[in-house]
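Breakdown of the fold
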Amino acid sequence: MVSREQLRNLLDDCLLEARFERWADSYHQGKVRDIYRLEDRRILITTDRQSAFDHVLGTIPLKGQVLNRIAQYWFERTADIVPNHVLQVPHASVTVAEELDMFPVEVVVRGYLTGSTETSAWTHYARGVRELCGNRLPDGMIKNQPFEAPIITPTTKSEDHDEPISAEQIVERGLVDERTWRRIEEIALELFARGQQLAAEQGLILVDTKYEMGRNAEGRIAVADEIHTPDSSRYWILDSYEERHGRGEEPESLDKEFLRLWLKDKGISDDNIPHLDADIRVEVAGRYVDLFERVTGRTFEPDMGEDGSVRDRIERAIEPFFAPEGRPV
């Protein structure tokens, strides 16, 4: 386990961005990942940026390494279910991935009725909504209660936000053909079942998650981005869930729901973006590392490096994928 002292010592060596001027022509920035798009592949660099409520709040030590390595763990453990985009992992924070023809839909799978944001399933349900992305929910459910079986609540991009959508609407709009969508649903539920099974073996509950899929060069459906990481998923502690749920208390959480609640306590809004102080950054970093070890059953060994900053080490790791003059190989 990485100590709190080690995490504190890394507060000034975090990766806020990975834009290198010599490769700027192929650079794109996402919410968490910085991307270099090459001809048939892309270099995905998981930064230490922390965002919530659509705001970048700062950096969390080792977050990029944790997220990338958890995703890699899950890609390895689910490769028998569906192909994935991973080609190489030249650094703990870097994945070289196959370029996929992505489906314009995010596949959100929910095992429990929960959430705290304005768009969460629980918030809608508490307001009387009983139809959720084509799923009919029964009356009388309470917060954090499991569904009889996991449900799929897809979203698609609409201007600058994610729009909930049903399977019927996906097919009607021509976003994905019906046969392909049914197969995507099957894959998503198989992935979620595997995730819940392996999480339970480690004393965790995989509560909900999202998947992004596309077609690879062979024309097969493949999963991309990340799977079952704390940025794309919610985890609870298994042993304490029943007792806490029975008392009407919130489950113990290992994901960034902890940070969301902290931010809500600080009154986050468009006009009030709380400052992440050293203590909260170290606490969140510790939770990310703890999640890696709980999920995988492995000790987290960070790439601390002895030669330069984390940014320097990442630059050296991706350099072989570019020609000397800066063009992609």
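Use the structure listed above.
Along each chain, the written sequence defines residue order, and numbers are assigned to residues from 1. For a predicted model such as this one, the threshold for reporting local features is a pLDDT of at least 70, and the threshold for listing and counting side-chain atom pairs is 80 or more; totals across whole chains, interfaces and linings nevertheless cover every residue. Excluding hydrogens and water, the side-chain values take into account all heavy atoms of the structure.

Of regular secondary structure, the protein chain possesses nine helices and 16 strands. As defined in this context, the radius of gyration uses C-alpha atoms, and a globule is described by 2.2 Å times the residue total to the power 0.38. Compactness check: the protein chain gives a C-alpha radius of gyration of 20 Å against a globular reference of 20 Å for 329 residues, within 12% of the reference. Here the C-alpha coordinates of the protein chain stretch approximately 60 × 45 × 40 Å along the principal axes. Relative accessibility under 20% of the residue-type maximum defines a buried residue, over 50% an exposed one, and the middle range a partly exposed one, all with a 1.4 Å probe and only protein chains included. Here the protein chain, with 329 residues, has 53% of them falling under the buried criterion. If you sum the accessible surface of the protein chain, you get close to 15800 Å²; carbon and sulfur atoms cover 44% of it. Only four residue types enter the charge count: Lys and Arg as positive, Asp and Glu as negative, with His and the chain ends excluded. Charge positions are represented by NZ for Lys, CZ for Arg, CG for Asp and CD for Glu. Mean positive and mean negative side-chain charge positions of the protein chain (42 and 63 charges, respectively) differ by 1 Å. Runs of H or I in DSSP of at least four residues are treated as helices and runs of E of at least two as strands, each being numbered from the N terminus. The protein chains shown are the only cover counted for residues, whose accessible areas, like all others here, come from Shrake-Rupley with a 1.4 Å probe.

Glancing now at empty space enclosed by the protein. The distinction between a cavity and a pocket rests on a 1 Å grid over the protein atoms alone: a 1.4 Å probe fits inside a cavity but cannot get out, while a pocket stays open yet meets protein on both sides within 12 Å along at least five of seven lines, and a residue with an atom within 4 Å of a point counts as lining. Grid points are joined across faces, edges and corners, and a volume is the space filled by probe spheres set on the points. Scanning the model with the defined rule gives three cavities of 30 Å³ or more in all. In this structure, the largest cavity spans a volume of roughly 100 Å³. Forming the boundary of the largest cavity are 13 residues, of which Asp13, Asp48, Leu62, Gln65 and Val310 lie nearest the centre. When its residues are assigned to classes, the lining of the largest cavity shows five nonpolar, four polar and four charged. Ten residues, namely Ala, Val, Leu, Ile, Met, Phe, Trp, Tyr, Cys and Pro, are considered nonpolar, four, namely Asp, Glu, Lys and Arg, are considered charged, and the remaining ones, Gly among them, are considered polar.

Here the expected span of a helix is defined as 1.5 Å times the quantity of residues minus one. End to end, helix α8 (residues 278–296) covers 27 Å across 19 residues, agreeing with the expected 27 Å (1.5 Å per residue, within 8%). For α8, the buried fraction is high: 14 of the 19 residues fall into the buried class. For α8, the side-chain oxygen to backbone nitrogen distance between the N-cap and Asp279 is 3.2 Å, and the N-cap itself is Asp277. Definition of a polar contact: a pair of N or O atoms within 3.5 Å, with one able to donate and the other able to accept a hydrogen when the atoms are protein atoms, and with sequence-neighbouring residues admitted only if both atoms are side-chain atoms.

Turning next to the side chain of Asn68. With respect to the helices and strands, the residue Asn68 is situated in helix α2 (residues 63–77). Of note is the side chain of Asn68, whose polar atom sits 3.3 Å from the backbone oxygen of Val94. Every residue pair with non-hydrogen atoms within 4.5 Å of one another is taken to be in contact. Beyond its immediate stretch of four places on either side in the chain, Asn68 contacts Thr46, Val89, His91, Ala92, Ser93, Val94 and Thr95.

Each pair of aromatic rings taken from Phe, Tyr and Trp, with Trp reduced to its six-membered ring, is defined by centres within 6.5 Å and is described as stacked if the planes are under 30 degrees apart, edge-to-face if over 60, and tilted in the remaining cases. Here the structure, examined in full by the defined rule, presents eleven aromatic pairs. Look at Trp23 and Phe322: their rings are 4.3 Å apart centre to centre, the planes differ by 10 degrees, and that puts the pair in the stacked class. Taken as a pair, Trp23 in the loop between α1 (4–9) and β1 (27–29) and Phe322 in the segment after α9 (310–318) lie far apart in primary sequence, 299 residues in all. The exposure class of Trp23 is buried, given its relative accessible area of 3%. Overall, Phe322 belongs to the buried group, its relative accessible area being 6%. Here the basic side chain of Arg130 rests over the ring of Tyr125, its NZ or CZ set 3.7 Å away from the ring centre. Definition used: whenever NZ (Lys) or CZ (Arg) falls within 6 Å of the ring centre and also within 35 degrees of the ring normal, the charge is taken to sit over that ring.

Residues Arg49 and Ser51 of strand β4 (residues 49–52) are buried on one face, and the alternating residues Gln50 and Ala52, pointing to the opposite face, are buried as well. By definition, two strands form a pair when at least two bridges between them are found by DSSP. Strand direction decides the pairing type here: β4 and strand β5 (residues 55–59), joined by four bridges, are antiparallel. The partner of Ala52 across the bridge, within β5, is His55.

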